[in-house]
2 protein chains.
Amino acid sequence: MEKVNLREKLGRIEDHWHPRIVAEVSGMHVKLAKVKGEFDWHHHADEDELFWILSGRLLMQFRDREVWVEQGELIVVPKGVEHRPVAPEEVELALIEPVGTLHTGNVVTARTRTELEWI
Amino acid sequence: MEKVNLREKLGRIEDHWHPRIVAEVSGMHVKLAKVKGEFDWHHHADEDELFWILSGRLLMQFRDREVWVEQGELIVVPKGVEHRPVAPEEVELALIEPVGTLHTGNVVTARTRTELEWI
């Protein structure tokens, strides 16, 4: 029941596309990440995934459209929906998704991390 | 898959202690609320509850201690733990909790709302 200061946690993240867990609530993890550049196309078979933009702006690409998600905005990507996050400039964001969700979903890439750590 | 602008949603909330749903992600609801004053002591038998402070500062009271949670900070209240949120000045916050969670938990008061609406 310790509180979490998001700015302090973000200050400890120095790499991109590497989410860290900051909270657990009823089987969900809240993770923080800094991202920059293009991620990989993927989907999550069983998990919805919420992206909450803390700074910057993220382009969320779907196969048939794309959405700019700005600071102070969030978007939910339902399970099964292919998506690719793109960040022309660095973006700080929070992810809310079930415990155990892999950020690269159904594909394994050099960026896939199967053991996510708390920060 | 429409994005949600938190500031725009908050601007439509005119009352206190009345959470509105803005997103659903894998069985959880993200809700927004404005609060001011003292809430009721309660606990949630089965649900953890995350409070994310968007503006202002919230005093979270437990039976044995209390924690000031500031803008940009969050705190998770585990299931079963009695708590009382207190906001001497208005606080804007997000709640993340399982679908169906009642904000007054195990007690029914004049503020209990069993049918929460989307905004």
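This is a predicted model, so every value here is computed, not measured. (Residues numbered from 1 in each chain as written. Chains lettered and ligands numbered in written order. Predicted model: local features only at pLDDT ≥ 70, side-chain atom pairs only at ≥ 80, totals over all residues. Heavy atoms only, no water.)

1. Focus: the relation of the copies chain B and chain A
Step number 1: When chain B is brought onto chain A, the operation consists of a screw motion whose angular component is 180 degrees and whose axial shift is 0.0 Å, with 0.0 Å RMSD remaining. Expressed as an axis order, the relation between the two copies is that of a two-fold axis. By C-alpha distance to the rotation axis, the residue of chain B lying nearest is Met-28 of chain B, at 4.2 Å.
Step number 2: Here 100% of the interface residues in chain B have copies in chain A that are interface residues too; the copies meet face to matching face. (Least-squares fit on C-alpha atoms with pLDDT ≥ 70 in both. Contact = heavy atoms within 4.5 Å.)

2. Some remarks on the interface of chain B and chain A
Many structure descriptions define interface size as the accessible area lost when the parts assemble.
Step number 1: Tallying the contact residues gives 35 residues for chain B and 35 residues for chain A.
Step number 2: Here chain B meets chain A over a buried area of about 2900 Å², counting both sides, of which 66% is carbon and sulfur.
Step number 3: Among the residues chain B hides against chain A, the three largest losses belong to Met-1, Lys-3 and Trp-52 of chain B. Together they make up 26% of the total.
Step number 4: Summed over the shared surface of chain B and chain A, the number is two salt bridges.
Step number 5: Across the pair Lys-3 of chain A and Glu-73 of chain B runs a salt bridge, and its minimum N-O distance is 2.9 Å.
Step number 6: Applying the counting criterion to the chain B and chain A interface returns 12 residue pairs in polar contact (both at pLDDT 80 or more).
Step number 7: Mapped onto the side of chain B that touches chain A, the elements with two or more residues apiece are β1 (4-5), α1 (6-10), β2 (20-25), β3 (28-38), β4 (49-55), β6 (66-70), β7 (73-77) and β8 (84-98) of chain B.
Step number 8: For the side of chain B that touches chain A, a count of residues per class yields 22 nonpolar, three polar and 10 charged.
Step number 9: The sheet contact formed by strand β1 (residues 4-5) of chain A and β7 of chain B spans two bridges and is antiparallel. In the sheet register, Asn-5 of chain A faces β7 of chain B, and the bridge partner there is Glu-73 of chain B. (Buried area = accessible area lost by both parts, 1.4 Å probe. Salt bridge = Lys/Arg side-chain N within 4 Å of Asp/Glu carboxyl O. Polar contact = N/O pair within 3.5 Å; in protein donor to acceptor, adjacent residues only side chain to side chain. Helix = DSSP H or I, 4+ residues; strand = E, 2+ residues; numbered from the N terminus. Nonpolar A, V, L, I, M, F, W, Y, C, P; charged D, E, K, R; others polar. Pairing = 2+ DSSP bridges.)

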